[in-house]
Amino acid sequence: MAEAHTREFRAETRKVLNILTHSLYTNREIFLRELLSNASDALEKVRFMQSKGESLRDADLPLEIRITLDKENKILSVADTGIGMTEEEMIENLGTIAKSGSEQFLKDREKDAPQSEGSAESTEEADKAEPNAEATNVEEEDRLAPDDAPRSDASQIIGRFGVGFYSVFMVADKVEVTSVSAQGDGAAHVWTSNGSGTFTIRELSGDEAKDLKRGTTVKAWLKEDASDFLEKFRIESVIRRHSNFLPFPILVDGERFNTTPALWREPKFSIKKEQYDDFYRYLTYDSKASLDVIHLSVDAPVQFTTLIFIPDSEQDLFREQRDEWGLDLYVRRVLIAKDNHDLIPNYLAFLKGVVDTEDLPLNISRETLQENVVLRKISQTIVRQVLSHLERMAKNDKEKYAAFWKLHGKYFKFAFNDFVYRDRVAPLMRFATTWTPEGGAQGKDAELTSFDEYLSRMKADQKHIWYIAAPSREAALLNPHFERFRRKGIEALILTDAVDEFALEGLGKYRDHEFKTVEQAAAADLDAFPDVEDAAPAAAPLEEEDKASFDKLVERMKAILGDQVKGVRVSDRLAGSPALLASEDGVSSSMEKFMRVMQKDDSIPKKILELNPDHPLLRALLRIYKADPENGLVENITRNLFDNTLLLDGYLNDPYAMAERSLKLMGEAAGWYADLRKL
Ligand code: ADP
Ligand code: MG
């Protein structure tokens, strides 16, 4: 048996080692990811060299990784049939911290390799073959790789920093690495260390070396408190979490663990729709296929590949899934951060997908990730690309865009906050509108409109883009404030979401047209536009004497409603409706409602009840009042009229009183009618 040499780790290794194993990684299970990444790198090197025609030892060995769990002796081992290491390489790569054999390997190849020919082939063909992902324009600032750009095998190699291996000492107090180099004379060496400052290397001979083939086995004697890593299910869940996309088979105690191909790294034209669907399902557990796929490979300003899905199902990001958003960040196929929030802005939180970059180190910590420049550049590129994608969809596939908006518009509207891309996000927004195309659907299915479409239908000389905030389209059309607009054929956007008003307020205007609520329309805003619809035939004006009585009726109604209202007054802006609620301060009712929700205030705000003295209902009420000021009908009708205006504004929170009163009034009305007609 050859003599074992004891050697010191180089540099201030002991200290560094201590730091590495105790503080670099906060999560111990990462050690497995590091060992698997190294094994995968070693196999990748074999594949790369074989593809270059180099002859290697044990050429027919399958390229795979075997994990063995020896519970009895508390040993976990990871064996690969990769490139292996000679004695010198063991000293160099395992004995020197921050020395990466993999980095050296890449440097050597770069020197040897002729300049890559690039891809001269047109990508048009590829686009045609693509069933799902859309071809993407090159944005000015982003340089996309051609769709069929081959990722050289060498670029798949994960290691770069020469520290990952030592993480094994977080869980092991003794480690043995046995290796046979694919290029050497077949000699096997075993490297041993307890991670505290020295290591030994000796050559194996005789029986010990007899059956050894090309590759490396790392044997870790697990610490007492790390014995959970001897459980198969534990190991499998760690692999699934961190190393699911390694390109080589992994076997755990002889049984194949199914890794998933890293679809994002494949050239787009070779991917079938089913593969995208499968991957999406794997990623989200969604039972439906995605609505759309964005698959990009970007070379500048940073290198990264991304596969982004627009789900075809409703997300619940305001409640349960509040934190479950972001993209999964990979560095060379190895998961670094799940649901990373820094890769996309809030308003794109409905997107699902992965980002894989070669420009980040594997062992980057959460804290450093947050202010990482590379990440910021990736995020900006993604925003630009997603916006381009949506712009194209809005133009070329209106139906799909409508589906997108229906599902995710409520999040996307928050883009009004993105000052950088404001000019690009505003045209992508959609709102309900009072306008209906010839034969168009009504109600829930009514078409939504863009600002540009609104502008195209606007009256000549119309200054504002008008809107009504209302709980539904139906409510908006009944809104008394809208009456004058309908008569003049002026369209208004209908804002049904609380965020809508913030969005419009945030945007301020669109192409020089300011947004304004119909509640705040001054007579001067509308006078210039002629009526297009006949106004309801105007009743003869009230006689002087009746005017005085009406004023008394107003007083009586004020007394009935008490402090439910700020006041009751005669209106000059109503025609078809008997009454409306006006606010004094000009805050629109939905904005007010939103602020109340935020303050958890569900009381009814005090407003002014404006009455239309020409409306038949009020004329009849006046007659009753004149005959008998104390008549019970005056009270019941006043209360119901008020509840009716509350209902239209979405404020009615006690419908029972109203229902009961309505029943009573209907009963009386039906009785009178029957008596009158002697039925
Ligand atoms: P990195 O992977 O970032 O280079 P590591 O500390 O993980 O750093 O590994 C250091 C070096 O040790 C690797 O670059 C590689 O040269 C060598 N190495 C580690 N594990 C293996 C293995 N299973 N097979 C061959 N070489 C290995
Ligand atoms: Mg490594």
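Just so it is clear, the structure is predicted and the values come from calculations on it, not from any experiment.

Conventions we followed
- Residues numbered from 1 in each chain as written.
- Chains lettered and ligands numbered in written order.
- Predicted model: local features only at pLDDT ≥ 70, side-chain atom pairs only at ≥ 80, totals over all residues.
- Heavy atoms only, no water.
- Helix = DSSP H or I, 4+ residues; strand = E, 2+ residues; numbered from the N terminus.
- Buried < 20%, exposed > 50% of the residue type's maximum accessible area, 1.4 Å probe, protein only.
- Contact = heavy atoms within 4.5 Å.
- Pairing = 2+ DSSP bridges.
- Axes fitted to C-alpha atoms, helices over the stretch in contact; angles between N-to-C directions.
- Phe/Tyr/Trp six-rings, centres within 6.5 Å; stacked < 30°, edge-to-face > 60°.
- Expected span 1.5 Å × (residues − 1).
- Arc of directions from axis to C-beta.
- Core = buried A, V, L, I, M, F, W, Y, C linked by side-chain atoms within 4.5 Å.
- Parallel < 35°, antiparallel > 145°, perpendicular 65-115°, else oblique.
- Left-handed = near helix turned anticlockwise from the far one by under 90°.
- Salt bridge = Lys/Arg side-chain N within 4 Å of Asp/Glu carboxyl O.

Looking at the overall build of the protein chain
(1) Moving on: Along the backbone of the protein chain there are 22 helices and 24 strands.
(2) Moving on: Across the 679 residues in the protein chain, those meeting the buried criterion constitute 50%.
(3) Moving on: Considering only contacts in the protein chain between residues 6 or more positions apart, those separated by 24 or more positions represent 74%.

Regarding the sheet that holds strand S22 (residues 565-570)
(1) Moving on: Strands sit in the order S22-S24-S23 across an open sheet of three strands; the sheet is mixed. On the outer flanks of this sheet lie S22 and strand S23 (579-582), each paired with one strand and no other. Averaged over neighbouring strand pairs, the angle between their axes works out to 25° when direction is ignored.
(2) Moving on: Against the sheet, helix H21 (residues 632-649) engages S22, S23 and strand S24 (607-611), with an angle of about 60° to S23.

Brief notes about the packing of aromatic side chains
(1) Moving on: Enumeration according to the criterion identifies 25 aromatic pairs in this entry.
(2) Moving on: Arranged with centres 5.8 Å apart and planes meeting at 70°, the rings of tryptophan 264 and phenylalanine 279 form a pair that is edge-to-face. Of this pair, tryptophan 264 sits in the loop between strand S10 (255-257) and helix H8 (273-284) while phenylalanine 279 sits in helix H8, placing them 15 residues apart in sequence. Exposure class is identical for tryptophan 264 and phenylalanine 279. Each is buried.
(3) Moving on: Taken together, a centroid distance of 5.0 Å and an interplanar angle of 40° make the contact between phenylalanine 451 and tyrosine 510 tilted. Separated by 59 residues along the polypeptide, phenylalanine 451 in helix H13 (residues 451-457) and tyrosine 510 in strand S20 (residues 509-510) bring together distant segments of the chain.

Here's the deal with the environment of phenylalanine 529
(1) Moving on: By the element assignment, phenylalanine 529 lies in the loop between helix H17 (523-526) and helix H18 (544-561).
(2) Moving on: Expressed as a C-alpha distance, the spacing of phenylalanine 529 and phenylalanine 485, which sit 44 residues apart in the sequence, is 9.5 Å.
(3) Moving on: Sequence-distant contacts of phenylalanine 529, defined by excluding residues within four places in its chain, comprise Lys459, Ala460, Asp461, Gln462, Lys488 and Ile490.

Quick notes on helix H20 (residues 616-627)
(1) Moving on: With 12 residues, H20 extends 17 Å from end C-alpha to end C-alpha; this agrees with the ideal 16 Å at 1.5 Å per step.
(2) Moving on: Taken together, the buried positions of H20 are Leu618, Leu621, Leu622 and Tyr625. The buried residues of H20 occupy one face: seen down the axis, they fall within an arc of 105°. Along H20, exposed side chains directed more than 90 degrees from the buried face belong to Pro616, Arg623 and Ala627.
(3) Moving on: Packed against the buried residues of H20 are H18, S24 and H21.

Side note on the environment of leucine 648
(1) Moving on: Its location among the elements puts leucine 648 in helix H21.
(2) Moving on: Residues leucine 648 and alanine 476 lie 172 residues apart in sequence; the distance between their C-alpha atoms is 8.2 Å.
(3) Moving on: Once residues lying within four places of it in the same chain are set aside, the contact partners of leucine 648 are Pro471, Ala475, Leu478 and Pro480.

As for H8
(1) Moving on: End to end, H8 covers 16 Å across 12 residues, agreeing with the expected 16 Å (1.5 Å per residue, within 8%).
(2) Moving on: The set of residues buried in H8 consists of Tyr276, Asp277, Phe279, Tyr280 and Leu283. All buried residues of H8 project into a common sector of 165° when viewed along the axis, lining one side.
(3) Moving on: Tyrosine 285 lies just past H8 and shows a positive phi near 60°.

Thoughts on the nonpolar core
(1) Moving on: Core analysis: the largest hydrophobic core is formed by 123 residues, its most contacted members being Ile67, Trp191, Phe404, Phe412 and Phe451.
(2) Moving on: Among the elements that make up this core, the one with the highest residue count is helix H10 (residues 373-396) (10 residues).
(3) Moving on: Those residues within four positions of isoleucine 67 in sequence are excluded, and the remaining contacts are Leu32, Leu36, Ser77, Val78, Ile235, Ile239, Ile250, Leu251, Val252 and Asp253.

A word on the packing of H20 against H21
(1) Moving on: Between H20 and H21, the least distance of the axes is 10 Å, while the angle of their chain directions is 155°. The angle between the axes of H20 and H21 places the two elements in the roughly antiparallel class. Considering the relative orientation of H20 and H21, their crossing is left-handed. Note on element contacts: H21 touches H20 through Leu633, Val634, Ile637, Thr638 and Leu641, opposite Leu617, Leu618, Leu621, Ile624 and Tyr625.

Details of the environment of aspartate 342
(1) Moving on: As for its placement among the helices and strands, aspartate 342 is situated in the loop between strand S14 (334-340) and strand S15 (352-357).
(2) Moving on: Separated by 29 residues in sequence, aspartate 342 and glutamate 371 place their C-alpha atoms 8.9 Å apart.
(3) Moving on: Apart from residues lying up to four places away in sequence, aspartate 342 is in contact with Leu369, Gln370, Leu375 and Ser379.

Description of the sheet that holds strand S19 (residues 493-495)
(1) Moving on: Spatial ordering of the open sheet is given by S17-S16-S19-S18-S21-S20, a layout of six strands whose pairing is mixed. In this open sheet, the two edge strands, each paired with only one partner strand, are strand S17 (448-449) and S20.

Observations regarding the pattern of salt bridges
(1) Moving on: The full count for this structure, using the stated rule, is 35 salt bridges.
(2) Moving on: Arginine 28 is the partner of aspartate 225 in a salt bridge, and the nearest nitrogen-oxygen pair spans 3.4 Å. Of this pair, aspartate 225 sits in the loop between strand S8 (215-222) and helix H7 (232-242) while arginine 28 sits in the loop between helix H1 (13-24) and helix H2 (30-51), placing them 197 residues apart in sequence.
(3) Moving on: Since its relative accessible area comes to 53%, aspartate 225 is described here as exposed.
(4) Moving on: Overall, arginine 28 belongs to the partly exposed group, its relative accessible area being 27%.
(5) Moving on: The partner of aspartate 142 in a salt bridge is arginine 384, and the shortest N-O contact between them spans 2.6 Å. A residue pair is termed long-range when its members are at least 10 positions apart, and aspartate 142 in the loop between helix H5 (124-129) and strand S4 (143-144) and arginine 384 in helix H10 qualify at 242 residues. Take aspartate 142 and arginine 384: they sit in the same class, and that class is buried.
(6) Moving on: Each of Glu29, Asp228, Arg234 and Arg241 takes part in a single network of salt bridges with overlapping partners.

Looking at the pairing of strand S5 (residues 172-180)
(1) Moving on: With seven of nine residues buried, S5 is to be regarded as a mostly interior element.
(2) Moving on: The pairing of S5 with S8 spans eight bridges and is antiparallel. The partner of valine 175 across the bridge, within S8, is alanine 220.
(3) Moving on: Of the pairings in the sheet, the one linking S5 to strand S6 (residues 188-193) comprises six bridges and is antiparallel in character. Bridge pairing in S6 places glutamate 176 opposite threonine 192.

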